[in-house]
Amino acid sequence: MNFAHHLTPKRIAAGTVGILVVMATALTPALASASSGTTATTTAPASCLSEAIAAKTGPSVSTLQALGDCAVGARLTTLANLRARVDATSALTPDHAAALDAIIESSQSGLQALKAKIDADTTLPAVRADVREVSAGYRVHVLVARQVSLVRADDLVDAAAARLTSAAGEIQAAITAGQSAGKDESTAASRLAAMQDAIAAAQAQVSGQAALVLALTPAQWDAGTAAPVLNADRGAITTARRDLRTASSEARAAVAALK
Amino acid sequence: MDHLPRHLGRALAAGLVALTLAACGGRLSVPGSAATAAPVLGPVANAAPVAAPAATPVAAAADASAVPAASAPTTPGRTPAAGVPSALTPNALLRDISAADASLQAIDQALADDASAQQSEGSNP
């Protein structure tokens, strides 16, 4: 077969362009996420501002349905992103990851059912009540998102503490070896003790916090009892983070002080 | 011109290999996989509260706990590097401290996400 006969410059150019287009299409998501650092798992929904304005200026079943659908879509996207964060955080304990997944999945299925209900509504009072339920019934942004962030942080504190505890073991072994060789390792030992105190303080701060946060419900948010729990955990994590930084600093100082 | 078919064949084959690799790369980039650890930890592309811009890329931080644990401090038979205290394994120690620091970065990111969620109170609950 004489390929050269069929491969005119025009056909070659067309084929090459076709291949490049297909390759660019396949690579674009990866390139986009790599360059921007943003998730490519879902498409961001447009803001619901225009739907809200339409529902406000011309309230009708259809404008409220459009607003409800947009609001549900935004929350489903948020939930998908939260799920991705849970999946990407290996520091989460299996129990905590499962609990967060359950919260997310329950919210997703509930919102999908609510969207179907909104779409089937035929009266203004009914659709208005259902649209209100999109936020009030799930509290995706003010509760679920915070549950995910804070429980992740709680477990990350424990993960960091575990690594520093391992480091402390290494340092202790070095101190013991130095002392056995007749060296004065008192400075390193003092630094190590400060490191261990800081690790223990960090662990104590977040102990039991994740369970409290995971147990919160949208109803508790509406009753005003959830926010204090969330804020208390945030405060504990902030303090624990400071303790861990101290521990990390003391670890380096202890190593530097070894004879 | 006689060589054109062979050259074009090679070029097309190379293109197909690249295309296959690109396609494989796309399939690997599923949520939750190690390949997408970086993207999912970046800012969420959403107007929702969790869309707050990430202060720093913390891809490595999220998986800090996935770093293999350091060997036990009393592991026998280790040979300390020259110039370092005996019984100290610098690589293991540095790996632990680095992993802890990475977790601290991830904590910062989680707290930033929480702050964004807090800001939605009253505006986009």
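In this text the structure is predicted, and so the values were computed from the model without any measurement.

Criteria and thresholds
Residues numbered from 1 in each chain as written. Chains lettered and ligands numbered in written order. Predicted model: local features only at pLDDT ≥ 70, side-chain atom pairs only at ≥ 80, totals over all residues. Heavy atoms only, no water. Helix = DSSP H or I, 4+ residues; strand = E, 2+ residues; numbered from the N terminus. Buried < 20%, exposed > 50% of the residue type's maximum accessible area, 1.4 Å probe, protein only. Contact = heavy atoms within 4.5 Å. Areas by Shrake-Rupley, 256 points an atom, 1.4 Å probe, with all protein chains shown as cover. pLDDT = per-residue confidence, 0-100. Salt bridge = Lys/Arg side-chain N within 4 Å of Asp/Glu carboxyl O.

**Remarks on the overall build of chain A**
Part 1: In terms of regular secondary structure, chain A is built from 11 helices and 0 strands.
Part 2: Ordered by position from N to C terminus, the α and β elements of chain A give α-α-α-α-α-α-α-α-α-α-α.
Part 3: Counting over 259 residues, chain A shows a buried share of 42%.
Part 4: A separation of at least 24 residues holds for 76% of the contacts in chain A among residues at least 6 apart in sequence.
Part 5: Taken as a whole, chain A presents about 11700 Å² of accessible surface, with 61% of it coming from carbon and sulfur.

**Quick look at the confidence of the model for chain A**
Part 1: Looking at chain A as a whole, the pLDDT averages 86, with 82% of positions reaching at least 70.
Part 2: In the model, residues 1–46 of chain A has pLDDT below 50 throughout and makes 49 contacts with residues more than four positions away in sequence or in other chains.

**Description of the pattern of salt bridges**
Part 1: What the rule picks out here adds up to 16 salt bridges over all chains.
Part 2: Between Arg146(A) and Asp114(B) there is a salt bridge, with its nearest N and O atoms 2.5 Å apart. Separated into two different chains, Arg146(A) in helix α7 (residues 140–180) and Asp114(B) in helix α4 (residues 90–119) make up a pair that spans both. There is no split in this pair, since Arg146(A) and Asp114(B) are both buried.
Part 3: A salt bridge links Arg245(A) to Asp108(B); the nearest nitrogen and oxygen atoms lie 3.0 Å apart. With Arg245(A) in helix α11 (residues 226–257) and Asp108(B) in helix α4, this pair bridges two chains.
Part 4: Arg245(A) sits in the partly exposed class, given a relative accessible area of 36%.

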